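# Observations on the model geometry
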Amino acid sequence: MLRFRLFALVAFLLLAMLPAANAQSVTGQISGIVVDPAGASVAGAKVQLIHDQSQTVHSYTAESNGSFFFTGLVPGAYSLRVAQAGFKGYDQRGITVAAQERVDLHEVHLEVGDVTSTIEVQANSVHVATDSSDRSVDINLTQIVDTPTRGRNPISLIMTLPGTQSLAQSYDYRGWNGGGMPGVNGGQQGQIILNMDGAASQDSGNLNTGYINPSIDAIGEVRLLISNYTAEYGGRTAGQLTVTTKNGTPQFHGSLYDYYRQESLNANEFFNNKTNVVRPRYRYQNFGGTVGGPLIVPGTRFNKARQKLFFFFSYDKLYNSTTSFATYTMPTQLEKTGDFSKSVTTTGALIPIYDPTTQTVFPGNVIPASKISPQGQAMLNLFPNPSPLGLSLDPTGNRGYNFRYPQQQLRPLDDKILRVDYSFSSKVQFYARLLQDYQAQNGYNVTVGPPGGTWGQFPASYHVQSAGALATLIYTISPTLINEFSWGINRGLQGVGPTTDTSLNPNTSGARTYQQSLLPLKDANG
């Protein structure tokens with residue numbers, strides 16, 4: 001038996017040192033000092049801390065100086081009870097512990113009297129941190145619900161906090177195409193790290209928020225560490241953003257939602273009205289729901305008191321369709337053959353074409369066929385022809401372009417989250433969270449899309465299938481010795497490819513198939 005315990009201890013320590021975990025704790029702590037009416041410390045007082053949801057009881061015997069300390073606490077609401085012979089009982093309720101928060105209750109005052117009498121105290125909702133140099137801002141569930149967020153992007157929640165700034169023009173999207181990560185206190189965009197339930201959840205090779213971006217209805221708390229971090233935090237210098245998912249409760253709760261927008265409900269832009277440009281297509285629909293509560297096995301007494309096992313599930317679906325107009329000055333059919341006799345500037349002046357060997361203008365402003373590179377000719381043939389209106393296509397009269405194409409993009413998003421919390425005993429608590437996410441850009445001019453996508457050739461799809469898992473086990477070995485083990489992993493698989501091999505814009509000439517747009521040019525002249 002002794003050999004087995006030794007082996008288990010060694011295995012546990014080795015697992016705890018695995019570098020792949022890359023996780024940080026999201027648990028908090030509560031501390032204080034028990035004193036009598038004269039302000040003297042009360043040693044040996046029995047202190048109990050009860051988790052209001054699971055009714056898990058943590059016990060501590062006050063030290064010789066009256067101090068007590070509870071760490072490794074799952075975020076939530078707690079109640080504190082203090083008992084000591086010769087003093088009335090002390091009962092304080094509504095102590096809220098946020099993620100990574102250190103709550104100092106300072107002095108807990110006992111009154112002389114019968115121990116069967118109890119003094120009830122309502123906890124102060126404002127916590128003043130006096131035992132840490134961390135500067136942090138917390139957004140609780142009530143604030144999350146009451147804060148309007150365009151696009152329902154959880155990252156936009158911190159834009160209401162002092163010291164945050166972003167160059168993003170819109171947060172209509174989420175994840176890797178959701179406007180990027182804000183900066184904090186003058187820091188640059190890539191200097192803030194995003195932790196989800198304690199595990200780093202962003203692409204280290206990019207400045208955005210990564211592939212995993214949950215529904216705002218699945219978030220229970222957002223906490224932003226601004227500066228003066230303790231030694232347990234690192235990796236980035238301009239901020240530590242921790243997002244905590246919701247957990248189940250003893251009562252069943254759920255929600256359903258559907259958010260819808262359309263261009264017919266929007267006003268057109270001022271300059272669009274001035275130049276007679278219609279409102280661009282804009283479709284946004286975000287629907288889903290959440291459900292959470294106790295896990296009960298019918299016909300058994302398991303979790304009948306609703307204090308052991310809880311679950312929370314979230315499903316979120318987003319459809320976003322937008323259209324933007326791309327304008328270019330494309331080479332005309334005459335210019336593709338070397339004839340620039342009708343090529344003029346925006347002011348109508350002829351553009352002279354010089355012979356690079358003689359530095360003189362070509363006769364008639366036409367390049368001889370013998371001087372045209374076959375490879376260059378093949379490249380030109382890939383470009384679409386301009387509008388028959390030519391430079392008159394520009395409604396402003398500035399003759400700024402001769403080709404305009406509406407770029408339509410679809411940006412679907414699918415997100416699922418499942419979290420399970422289990423209280424094995426008063427000494428062992430466990431929770432696990434699974435997440436599955438899919439995001440894509442489908443249409444023209446997508447990320448790392450094929451050539452020609454910006455002017456309406458070859459719609460493509462850039463998509464990312466991602467998943468994440470996290471587990472945390474908290475074991476209270478003794479009131480003064482607690483072990484917390486956290487493990488997490490996130491994976492994302494990127495893919496890109498054409499949605500069709502044939503150009504959906506055949507009337508503009510140019511390349512007809514996706515293969516014709518690739519280098520080296522195999523099917524073009526020359």
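Residues numbered from 1 in each chain as written. Predicted model: local features only at pLDDT ≥ 70, side-chain atom pairs only at ≥ 80, totals over all residues. Heavy atoms only, no water.

### With respect to the packing of aromatic side chains
Following the criterion strictly, the structure yields 9 aromatic pairs and no others. Consider the rings of Phe302 and Tyr422, whose centres lie 6.5 Å apart with planes at 40°: the pair is tilted. Of the two residues, Phe302 sits in the loop between β17 (282–294) and β18 (309–328) while Tyr422 sits in strand β22 (residues 413–423), which places them 120 residues apart along the sequence. Residue Phe302 is classed as partly exposed on the basis of its relative accessible area, which comes to 32%. Centroid distance Phe424 to Phe430: 6.5 Å. Interplanar angle 65°. Geometry classified as edge-to-face. For Phe424, a relative accessible area of 42% corresponds to the partly exposed category. The partly exposed category is assigned to Phe430, whose relative accessible area is 28%. Taken together through their ring pairs, the aromatic side chains of Phe302, Tyr422, Phe424 and Phe430 make up a single cluster. (Phe/Tyr/Trp six-rings, centres within 6.5 Å; stacked < 30°, edge-to-face > 60°. Helix = DSSP H or I, 4+ residues; strand = E, 2+ residues; numbered from the N terminus. Buried < 20%, exposed > 50% of the residue type's maximum accessible area, 1.4 Å probe, protein only.)

### Re the environment of Ala432
In this structure, Ala432 sits in strand β23 (residues 428–443). Judged by its relative accessible area of 22%, Ala432 is partly exposed. Contact partners of Ala432, with chain neighbours within four places excluded, come to Leu418, Arg419, Val420, Leu470 and Ala471. (Contact = heavy atoms within 4.5 Å.)

### What about the environment of Tyr319?
Tracing the backbone shows Tyr319 in strand β18. Its relative accessible area of 42% is what places Tyr319 among the partly exposed residues. Apart from the residues lying within four places of it in its own chain, the contact partners of Tyr319 are Arg283, Tyr284, Gln285, Phe287 and Arg411.

### Details of the sheet that holds strand β1 (residues 28–35)
The 3 strands are arranged β4-β1-β7 in an open sheet whose pairing can be described as mixed. At either margin of the open sheet sits one strand with a lone partner, and together these are β4 (67–73) and β7 (102–109). Looking at each pair of strands side by side, their axes are set apart by 15° on average, direction ignored. Inspection of the sheet shows β1 paired to β4 by 5 bridges, in the antiparallel sense. For Ile30, the partnering residue across the bridge sits in β4 and is Phe70. (Pairing = 2+ DSSP bridges. Axes fitted to C-alpha atoms, helices over the stretch in contact; angles between N-to-C directions.)

### Topic: unusual backbone geometry
The phi angle at His106 is positive, at roughly 60°, despite the residue not being glycine. Within the secondary structure layout, His106 lies in strand β7. Looking at His106, the relative accessible area reads 38%, which means it is partly exposed. Notably, Asn445 is not glycine yet its phi reads approximately 60°, a positive angle. As for its placement among the helices and strands, Asn445 is situated in the loop between β23 and β24 (460–478). Classification of Asn445 by relative accessible area gives partly exposed; the value is 38%.

### Brief notes about the pattern of salt bridges
The full count for this structure, using the stated rule, is 7 salt bridges. Residue Arg283 is joined to Glu263 by a salt bridge in which the shortest nitrogen-to-oxygen separation is 2.8 Å. Of this pair, Arg283 sits in strand β17 while Glu263 sits in the loop between β16 (253–262) and α3 (270–274); the two residues are 20 residues apart in sequence, bridging distant segments of the chain. With a closest N to O distance of 3.4 Å, Asp414 and Lys317 form a salt bridge. Taken as a pair, Asp414 in strand β22 and Lys317 in strand β18 lie far apart in primary sequence, 97 residues in all. The pair formed by Asp414 and Lys317 is uniform in burial state, with each residue classed as buried. Salt bridges here are not isolated pairs; linked through shared partners, they connect Lys317, Asp414 and Lys416. (Salt bridge = Lys/Arg side-chain N within 4 Å of Asp/Glu carboxyl O.)

### Focus: the sheet that holds strand β15 (residues 240–245)
Reading across the sheet, the 5 strands line up as β9-β14-β15-β12-β13 and stay open at both edges, with mixed pairing between neighbours. This sheet does not close on itself; its edge strands, each paired only once, are β9 (135–139) and β13 (199–200). Strand direction decides the pairing type here: strand β12 (residues 193–196) and β13, joined by 2 bridges, are antiparallel. For Met196, the partnering residue across the bridge sits in β13 and is Ala199.

### Side note on the nonpolar core
Ranked by internal contacts, the top residues of the largest apolar core, which has 24 residues, are Ile30, Val34, Phe68, Phe70, Leu80 and Val82. Looking at this core, the elements with two or more residues in it are β1, β2 (46–51), β4, β5 (76–83), β6 (89–97) and β7. Setting aside anything within four residues of it in sequence, one finds Phe68 in contact with Ile30, Ser31, Gly32, Ile33, Val34, Val47, Tyr60, Leu80, Leu105 and Val108. Ile158, Leu194, Ile226 and Leu241 belong to the second-largest nonpolar core, a separate cluster that totals 17 residues. (Core = buried A, V, L, I, M, F, W, Y, C linked by side-chain atoms within 4.5 Å.)

### Quick look at the confidence of the model for the chain
When the pLDDT values of the chain are averaged, the result is 80; 81% of them are 70 or greater. Counting contacts from residues 1–5, a segment whose pLDDT is below 50, to residues more than four positions away or on other chains yields 0 contacts. Under a pLDDT of 50 for its full length, residues 7–22 has, in the predicted model, 11 contacts with residues more than four places off or in other chains. (pLDDT = per-residue confidence, 0-100.)

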